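Structural characterization, general
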Amino acid sequence: MIEARTNQQGIKYKLYRTGKYLARDRYLLLFALPGIVYFFIFCYVPMYGVTIAFKDFNASKGVMGSEWVGLKWFASFFSSVYFGRLLRNTLLLNIYSLVFSFPAPVILALVINEVREGTFKKSVQTISYLPHFVSVVVVVGIMRLFLQSDGLVNQALESIGLTTVNFFSEPGWFRPLYVISGIWQSCGWGSIIYLAALSGVNPELYDAAYVDGASRWQRVRYINLPSIKPTVVTLLILNIGRLLTLGHEKILLMYSPAIYETADVISTYVYRRGIEDARFSFGTAVGLFNSLCNVALLLAANAISRRVNETSLW
Amino acid sequence: MKRTALVLAIIMALSLLATVSLAAENTMPISTDKITLVFAIPDNFYAANSYADNLPVWQEIEKKTGVTIEWQAVEPSQYDTIMNIRIAANTDMPDVFAVPGSVTNEDLSKQGIALILDDYMEYMPNMMKMYQEHPILEKLSQDSEGRIVAAYIYSTGQYANLRVPIIRKDWLDKLGLEVPSTLDDFYNVLKAFVERDPNGNGMHDEIGMMCNSWKDYYVFITAFGLPSRIGEFFPDENGNLVYTYTREEFRKTVEFINKLYTERLIDPDFVTTTRDIVESTMSKNIVGLGWQAPGVDIRWDGFAKSGGAENPNHIQINPPVDVHGNVSFFTDNPTRRTLAISANTKIPEVAARWVDYVQFSEEGSTMVQWGVEGISYELDSEGKPHLTDWALNNPDGLDVNSAVRSIGAFTPTLPLEPLEFMESKLSGKTVDNLKIIQPNAQDPLILLPLTATEQETVSDVGADLRTYADEMIQKFIIGSEPLSNWDKYVETINNMRLDELQAVYQAQYDRTFGKN
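Calculation rules
Residues numbered from 1 in each chain as written. Chains lettered and ligands numbered in written order. Predicted model: local features only at pLDDT ≥ 70, side-chain atom pairs only at ≥ 80, totals over all residues. Heavy atoms only, no water. Helix = DSSP H or I, 4+ residues; strand = E, 2+ residues; numbered from the N terminus. Rg over C-alpha atoms; globule rule 2.2 N^0.38 Å. Contact = heavy atoms within 4.5 Å. Areas by Shrake-Rupley, 256 points an atom, 1.4 Å probe, with all protein chains shown as cover. Lys, Arg positive; Asp, Glu negative; His and termini not counted. Charge placed at Lys NZ, Arg CZ, Asp CG, Glu CD. Salt bridge = Lys/Arg side-chain N within 4 Å of Asp/Glu carboxyl O. Polar contact = N/O pair within 3.5 Å; in protein donor to acceptor, adjacent residues only side chain to side chain. Buried < 20%, exposed > 50% of the residue type's maximum accessible area, 1.4 Å probe, protein only. Pairing = 2+ DSSP bridges. Axes fitted to C-alpha atoms, helices over the stretch in contact; angles between N-to-C directions. Core = buried A, V, L, I, M, F, W, Y, C linked by side-chain atoms within 4.5 Å. 1 Å grid on protein atoms, 1.4 Å probe; cavity = no way out; pocket = protein on both sides within 12 Å on 5 of 7 lines; lining within 4 Å. Points joined across faces, edges and corners; volume = space filled by probe spheres on them. Nonpolar A, V, L, I, M, F, W, Y, C, P; charged D, E, K, R; others polar. Parallel < 35°, antiparallel > 145°, perpendicular 65-115°, else oblique. Left-handed = near helix turned anticlockwise from the far one by under 90°. Arc of directions from axis to C-beta. Phe/Tyr/Trp six-rings, centres within 6.5 Å; stacked < 30°, edge-to-face > 60°. Lys NZ or Arg CZ within 6 Å of the ring centre and 35° of its normal.

A few points about the overall build of chain A
Looking only at helices and strands, one finds 16 helices and 2 strands in chain A. In summary, chain A has a C-alpha radius of gyration of 26 Å against a globular reference of 20 Å for 314 residues, an excess of more than 25%. For chain A, the spread of C-alpha atoms along the principal axes amounts to about 90 × 75 × 35 Å. Sequence separation of 24 or more characterises 68% of the internal contacts of chain A that already satisfy a separation of 6 or more. Carbon and sulfur atoms provide 69% of the accessible area of chain A, an area that totals close to 18,700 Å². The averaged location of the 18 negative side-chain charges in chain A is 10 Å from the averaged location of its 28 positive side-chain charges.

Let's talk about the overall build of chain B
Scanning chain B from N- to C-terminus turns up 20 helices and 16 strands. The C-alpha atoms of chain B give 26 Å as radius of gyration, which agrees with the globular expectation for 516 residues (24 Å, within 12%). Overall size of chain B, expressed as C-alpha extent along the three principal axes, is 90 × 55 × 35 Å. Sequence-distant contacts in chain B: of pairs separated by 6 or more residues, those separated by 24 or more amount to 72%.

Overview of the interface of chain A and chain B
Opposite the 34 residues of chain A that make contact, chain B presents 30 residues. For the pair chain A and chain B, the number of links is 2 salt bridges. We note a salt bridge from lysine 475 of chain B to glutamate 261 of chain A, for which the minimum N-O separation is 2.7 Å. Our count for the chain A to chain B interface comes out at 13 residue pairs in polar contact (both at pLDDT 80 or more).

Overview of the side chain of glutamate 206 of chain B
All names here are of chain B. Secondary-structure assignment places glutamate 206 in the loop between helix 8 (183-195) and strand 6 (207-209). Put simply, glutamate 206 is tucked away with no salt bridge, and the nearest opposite charge, on lysine 174, sits 7.6 Å away. Within polar-contact distance, the side chain of glutamate 206 engages the backbone nitrogen of asparagine 199 at 3.3 Å. Contacts of glutamate 206, omitting those with residues within four sequence positions, involve Trp171, Phe193, Val194, Asp197, Pro198, Asn199 and Ile286.

Here's the deal with the sheet that holds strand 2 (residues 67-71) of chain B
Residue and element names in this part refer to chain B. Taken together, the 4 strands give an open sheet; going across it, the order is 2-1-3-13, and neighbouring strands pair in mixed fashion. Only two strands of the sheet have a single neighbouring strand rather than two, namely strand 2 and strand 13 (339-341). Adjacent strand axes in the sheet meet at a mean angle of 30° when their direction is disregarded. In the packing of helix 2 (residues 56-65) onto the sheet, the strands contacted are strand 1 (35-40) and strand 2, and the crossing angle to strand 2 comes to about 140°. Against the sheet, helix 3 (residues 76-89) contacts strand 1 and strand 3 (96-98), and its axis sits at roughly 130° relative to strand 3.

Overview of unusual backbone geometry
Residue and element names in this part refer to chain B. Positive phi values are uncommon outside glycine, yet asparagine 54 reaches one of about 60°. Along the chain, asparagine 54 falls in the loop between strand 1 and helix 2. On the basis of relative accessibility, which here comes to 33%, the residue asparagine 54 falls in the partly exposed class. Positioned with a positive phi, arginine 264 is a non-glycine residue whose angle comes to about 60°. Mapped onto the secondary structure, arginine 264 falls in the loop between helix 9 (248-262) and helix 10 (275-282). On the basis of relative accessibility, which here comes to 51%, the residue arginine 264 falls in the exposed class.

A word on the nonpolar core
Judged by nonpolar contacts, the single largest core of 84 residues is most densely connected at Phe77 of chain A together with Met209, Phe220, Ile473 and Tyr489 of chain B. The contact partners of phenylalanine 220 of chain B, leaving out residues within four places of it in the chain, are Leu183, Phe186, Met209, Thr253, Phe256, Ile257, Leu260 and Pro320 of chain B. Counting 74 residues, the second largest nonpolar core, distinct from the first, contains Val103, Ala352, Val358 and Val400 of chain B.

Here we look at the layout of surface pockets
Residues and elements named next belong to chain A. Volume-wise, the second largest pocket comes out at about 960 Å³. If you go around the second largest pocket, you meet 27 residues; those closest to its centre are Ser101, Gly182, Ser186, Asn239 and Arg242. Counting residues per element, the lining of the second largest pocket draws most heavily on helix 10 (residues 171-199), at 9 residues. Residue composition of the lining of the second largest pocket, grouped by class: 13 nonpolar, 11 polar and 3 charged.

A word on the side chain of aspartate 43 of chain B
With respect to the helices and strands, aspartate 43 of chain B occurs in the loop between strand 1 and helix 2. Polar contacts involving the side chain of aspartate 43 of chain B include one to the side chain of serine 50 of chain B, which spans 2.9 Å.

A short note on the packing of helix 10 of chain A against helix 12 (residues 216-240) of chain A
All names here are of chain A. Between helix 10 and helix 12, the shortest axis-to-axis distance is 9 Å and the interhelical angle comes to 140°. Here helix 12 runs oblique to helix 10, going by the angle between their axes. Taken as a pair, helix 10 and helix 12 cross one another with a handedness that is right-handed. Counting all contacts with helix 10, which are made through Ile193, Tyr194, Ala197 and Leu198, the residues of helix 12 involved are Asn224, Ser227, Ile228, Thr231, Val232 and Leu235. When grouped by side-chain class, the residues that make up the contact of helix 10 with helix 12 number 7 nonpolar, 3 polar and no charged.

Considering empty space enclosed by the protein
Residues and elements named next belong to chain B. In this structure the tally under the stated criterion is 2 cavities of 30 Å³ or more. Lining the largest cavity are Phe39, Ile41, Trp58, Leu339, Val358, Gln359, Val368, Thr411 and Thr413. Tallied by class, the residues present in the lining of the largest cavity amount to 6 nonpolar, 3 polar and no charged. Taken as a whole, the second largest cavity spans an internal volume of roughly 30 Å³. Asn212, Arg275, Glu279, Gln292, Val296, Arg299 and Trp300 together form the lining of the second largest cavity. Elements represented by at least two residues in the lining of the second largest cavity include exactly helix 10 and helix 11 (296-306). The element contributing the most residues to the lining of the second largest cavity is helix 11, with 3 residues.

Quick look at the packing of helix 9 of chain B against helix 18 (residues 452-478) of chain B
Residue and element names in this part refer to chain B. Their axes nearest at 7 Å, the elements helix 9 and helix 18 cross at an angle of 45°. Overall, the two elements helix 9 and helix 18 adopt an arrangement that is oblique. Here helix 9 contributes Phe250, Val254, Ile257, Asn258 and Tyr261 to the contact with helix 18, which in turn contributes Ile473, Phe476, Ile477 and Ile478. Split into classes, the residues belonging to the contact of helix 9 with helix 18 amount to 8 nonpolar, 1 polar and no charged.

Some words on helix 10 of chain B
Within the sequence span of helix 10 of chain B, burial applies to Val278, Glu279, Thr281 and Met282 of chain B. Mapping the buried residues of helix 10 of chain B onto a view down its axis gives an arc of 165°, with all of them on the same face.

Points about the environment of leucine 465 of chain B
Residues and elements named next belong to chain B. Structurally, the position occupied by leucine 465 is in helix 18. The exposure class of leucine 465 is buried, given its relative accessible area of 0%. Taking C-alpha positions, leucine 465 is 33 Å from threonine 413, a pair spaced 52 residues apart along the chain. Those residues in contact with leucine 465 that lie beyond four places of it in its chain are Tyr243, Ile493, Met496, Leu498 and Leu501.

Observations regarding the packing of aromatic side chains
One pass over the structure, following the stated rule, counts 47 aromatic pairs over all chains. Seen in terms of ring centroids, phenylalanine 220 of chain B and phenylalanine 256 of chain B are 4.9 Å apart; in terms of plane orientation they differ by 70°. Their pairing is edge-to-face. Taken together, the residues phenylalanine 220 of chain B in the loop between strand 6 and strand 7 (233-235) and phenylalanine 256 of chain B in helix 9 connect sequence positions 36 residues apart. Its relative accessible area of 1% is what places phenylalanine 220 of chain B among the buried residues. Among the aromatic residues, ring-to-ring pairing joins Trp214, Tyr218, Phe233, Tyr243, Tyr245, Phe250, Tyr468, Phe476, Trp486, Tyr489 and Tyr505 of chain B into one connected group. Between the NZ or CZ atom of lysine 72 of chain A and the centre of the ring of tryptophan 73 of chain A, over which it lies, the distance is 5.0 Å. Arginine 405 of chain B extends its terminal NZ or CZ atom over the ring of phenylalanine 410 of chain B, reaching a point 4.4 Å from the ring centre.

As structure tokens, this is what we get:
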């Protein structure tokens, strides 16, 4: 009897308490309101458009009027001869990026952090950020210039006496080129967030370590690394949550049928299939598949991270 | 107030009837009353002057027709998207509009979007005349029940926009070579270009042949009896469609291109080359043979000159002849769907007459294609239009197309320039060379569009098939796949549901030529 009453009381009390919090924080809520409204209108409401993944979308009939076809597009995609290859290429490209270009900004940040404040440090930082602003089209253009059959790299190879390499027509070169140019472009910009985390380290810790006779490497290992661990883990989880998404612009610029076997990914395949006749439904279905896989991976990564460290996204 | 309005309305209606009943020959003006027609098309490709600015050409047209235009011109790249949405709603539609590509004739009639033009053909005598000259246009304009729902236009410019090999004549002269005719000639010429240093700089930096896109090299198929630009499927003598890329003729073509590639006679980076790269390489004065349309030869002369050539002379030549000495190639598709009239328009006769005048009549279409008489074109003694100096050597430095567009002509709804326009644009040597290659040009196969189910099969089966075909062909050319595996490739293609694809295209072909 008593429990029942306190339970009821409990719910009423909880409501009362929530109302009180809302009232107390009303200005904060007002602050957040535009953002919430924005996300609601532009991200949540359009989600109903995802339904065209299950329909045969016809522009003149609109979303509601188009015919329902269920899982047809998914079946069509999974039964493609190339489905396995596309999945493999997408995953591999992302995993290589993760393994090689994820640590790069961390290392760069640790190294820059060790340099004394001054013009040298500032100019190194600024120069390292610059490639981030260069358009991907220009980056690929630069790569072309260096790597074409009569480009600098091949000329250098020839002068040493090695045979020239046709970098853009050999499947084996695609992944390294893609990852390396990605590192070059994103390394500097990515290091900013780690440098910010590092700048928050208490200088007393360094003094204490110095007094205890720690070498520079030991300082990095026992002070710097642990202090950026939460940032690193968070960003790692977020990146895993994008494992199946791969923007196709750079690949489109770099690939050709001769290297489809390593370069053809889900998004480029769908792009080719889409130009045939504006197959919005097909593209949406594949996009939905991508998103679902990404969410699954994200949840898994987050759960693992929570077990292993205390850090997790939620 | 109400009564005056009623009286005015009756008078207007009567006068409209009067002018309309005299329309047997679609004489201008369409109306002497103030009528406004809402017109929606993609906006001017020459972005600086929007059609909404009331450009000279359209002022003339308004004067001649007596109909005021209310423009709904949308930025070209967004036109289709925006128009699709408006069509889906089908309220408040413009009177006349350009039809987006994804909307089929079936949609236009079944969803009540477009006016059925059969009932208004008496107001469109010029269009009827063009349809009689080119019967395929009528078929293309019809829905599945044979009703005409949109206007299709035929452009004669196809015979000037011919894509053929373009060669450095000055290099041929320097090396004492004839213009190549047979496949062996082409091989020898390319070899000479690469080995004998025709640009005279002492270095073997010449690239024999360089094309904008890797499939352009398929031009050599003419040496084996098939016309260039033949497409994925073509009909044999019995009207059965055959897949091009497993044919023996094509295998020989790939073998030849592979030979050129291995001997470094063509661009070694051809898999990723684009038009910009070709043009910048042309500027180094090292390319001997390309493949493009007329007018480009002059452009390439300019590039070569900037690379140090003294008197570069690019000319268009015929592709290689086959064993019987014949050669042929297809032109671009000369037909294009242009405009439709809204089913809910309040002024159907006016709209029909207006479309007929603007797109199909001699006077109207000349203005829309050539511009304003006295400014961008003049009529010669035979009444034929020629571009003026203002258009060809525009004082503001605009190229011909932009100059003409800046006053409102050459709208995005026109496919190609008319033949005379193109010839007017081209300089002497190009026109002369055009005469040598024109006889070998053939009309392409113009087919009715695919139905929705057919379209699905094409994209379903086609995507994988084309991925495999493109990949294997490139590998054969590069040599990473030996040509001895050709039969395996053919077998794989046949097992990739090629028969389904062929059936779809066969149905389309039969439907066009009325064989069901």
